[in-house]
Amino acid sequence: MLDYRKIREDEINQMVAIRDYCFRNHYTGQTLEDFLHWAKVSKSIGAFNGESLAGQVMAFPLEMVIHGQLFPMGGISFVATYPEYRNEGVMKQLLMRVLEEMRAQGQLISVLGPFSVSFYRHFGWDLFFDKVQYRFPSHLFSMKKGDMGNIERFNYNENREQLARVKEVYQTYALKTNGLMIRNEEWWKRLEMRQPNASFALSIDQNGQPQGFIRYVMNDLTFEVLDQIALNVSAEQALWEFIRVHRSNFTEVIGTAAVHQSFGSQWDEPQFKKEVVHDTMIRIVDVERFLAAYPFQKLTKRLYLKVTDAFAPWNQGIYAIDSQSVIKVNEQEVAQEDCLEMDIASLSSYLAGYHELNWYRYHEKAIASERILNEWDRVVPKEQPQFYGHF
């Protein structure tokens, strides 16, 4: 029988070994250094056969913005089990225990990149962001000269002091954009260690203030945009002009954007390859505390929410929500016709802004009368999320 517990710091070497085995590539150099750092600061749960690690899950201590409100978030990463222990319920036990640990740490939500959407949906995570990966051939760029304005180009070795202004732009954008992850100094260091050859272009306005940036690498004939943040359309256009003037150096630009932004639709030639990717899932870890912090809009009357959660039993039940408090109530105290009923996975993506409530009802993921649907629709913010973090 396996023993499930937190992984100690003196057992991190076993975390490296199982990661290398299960993901089939060995970390070395700065990538290994980065992994060791996050192994130390994360809350990691292991399945042990005696003193030997059989399976693991890591929860990075992070934050993200949901409709303008900061939430502590657990980023699930490096989920792995040796093959001889698979199909024995090990992963189920690991996920249930990491949910308990995240709750104890005050991480109210969790995000992960799934190897299988259906697998993690079963355990209460659900999709909440539609991402588009684009490939833009350089010959489709307009030949007309655009306005690049003032661009500061730098990298980690030259003019590094400009990185502080990039961080400022990102933070400003993240705090006003639903779904984005906050990048603390540890995360910026992680980006540098994983892509040390990246360069930056920073757009500066007439008042000397930074308004946008791209982080990018040029690999052979490909210009890869790793980050693209603009606080206004002038900065966005300036950054694309910066990319355009490189067109003799590459054959295509690749990057990611949010589907709901209709990326490229305003260009002269918007017909290029775009692939929709569903690779980001979210889960509420602690419903009661999450609802208490959630930025409901103009909540003037009490709402009732019935939640089902098979793997985090503390979430199961009925919640009474008003502008002053969120409390659990007995089922006998609430008429069924006054309740919105949702499972934890659907509720998580709904409150993150993925779809409006009628979409969930149509797909039989929400049960409520028309009156209750309208009441919830009135108080839940509508902004669709964006999320570009990778754990």
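Described below are features of the structure shown in this document. This structure is a prediction, so every number in the text was calculated from the model and none was measured. (Residues numbered from 1 in each chain as written. Predicted model: local features only at pLDDT ≥ 70, side-chain atom pairs only at ≥ 80, totals over all residues. Heavy atoms only, no water.)

## A closer look at the sheet that holds strand 13 (residues 252-258)
Right, so step 1: The sheet built from seven strands is open, its strands ordered 8-10-11-12-13-7-14 with mixed pairing. Single-partner strands in this sheet number two, and they are strand 8 (150-155) and strand 14 (273-277). Averaged over neighbouring strand pairs, the angle between their axes works out to 20° when direction is ignored.
Right, so step 2: Pairing of strand 7 (residues 131-137) with strand 14, which is carried by five bridges, proceeds in the antiparallel orientation. The partner of Val132 across the bridge, within strand 14, is Val276.
Right, so step 3: Packed on one face of the sheet, helix 7 (residues 233-244) meets strand 7, strand 8, strand 10 (199-204), strand 11 (210-219), strand 12 (222-230) and strand 13 and runs near 25° to strand 11. (Pairing = 2+ DSSP bridges. Helix = DSSP H or I, 4+ residues; strand = E, 2+ residues; numbered from the N terminus. Axes fitted to C-alpha atoms, helices over the stretch in contact; angles between N-to-C directions. Contact = heavy atoms within 4.5 Å.)

## A few points about the sheet that holds strand 18 (residues 326-329)
Right, so step 1: Strand order in the open sheet formed by five strands is 18-17-16-19-20, and the pairing between neighbours is mixed. Only two strands of the sheet have a single neighbouring strand rather than two, namely strand 18 and strand 20 (366-367).
Right, so step 2: As paired elements, strand 19 (residues 339-343) and strand 20 share two bridges and run antiparallel to each other. Note that in strand 20 the partner of Glu341 across the bridge is Ile367.
Right, so step 3: Contacts from helix 9 (residues 344-351) reach strand 16 (303-308) and strand 19 within the one sheet, and its direction differs from that of strand 19 by about 105°.
Right, so step 4: Packed on one face of the sheet, helix 11 (residues 370-379) meets strand 16, strand 17 (317-321) and strand 19 and runs near 95° to strand 16.

## A short note on the packing of aromatic side chains
Right, so step 1: Summed over all chains, the structure comprises 44 aromatic pairs.
Right, so step 2: Ring centres of Phe60 and Trp187 lie 6.4 Å apart, and the angle between their planes is 65°; on these two criteria the pair is classed as edge-to-face. With Phe60 in strand 3 (residues 52-66) and Trp187 in helix 6 (residues 185-194), this residue pair connects regions lying 127 residues apart in the sequence.
Right, so step 3: Relative accessible area serves as the criterion here: at 0%, Phe60 is assigned to the buried category.
Right, so step 4: The exposure class of Trp187 is buried, given its relative accessible area of 3%. (Phe/Tyr/Trp six-rings, centres within 6.5 Å; stacked < 30°, edge-to-face > 60°. Buried < 20%, exposed > 50% of the residue type's maximum accessible area, 1.4 Å probe, protein only.)

## Structural notes on the pairing of strand 5 (residues 109-112)
A regular strand carries its side chains on alternate faces of the sheet.
Right, so step 1: Of the two faces of strand 5, the one carrying Ile109 and Val111 and the one carrying Ser110 and Leu112 are both buried.
Right, so step 2: Of the pairings in the sheet, the one linking strand 4 (residues 69-81) to strand 5 comprises four bridges and is parallel in character. Bridging from a neighbouring strand, Gly75 pairs with Val111 of strand 5.
Right, so step 3: As defined by bridge partners, strand 5 adjoins strand 15 (residues 281-284) across four bridges and the pair is classed as antiparallel. Bridge pairing in strand 15 places Leu112 opposite Met281.

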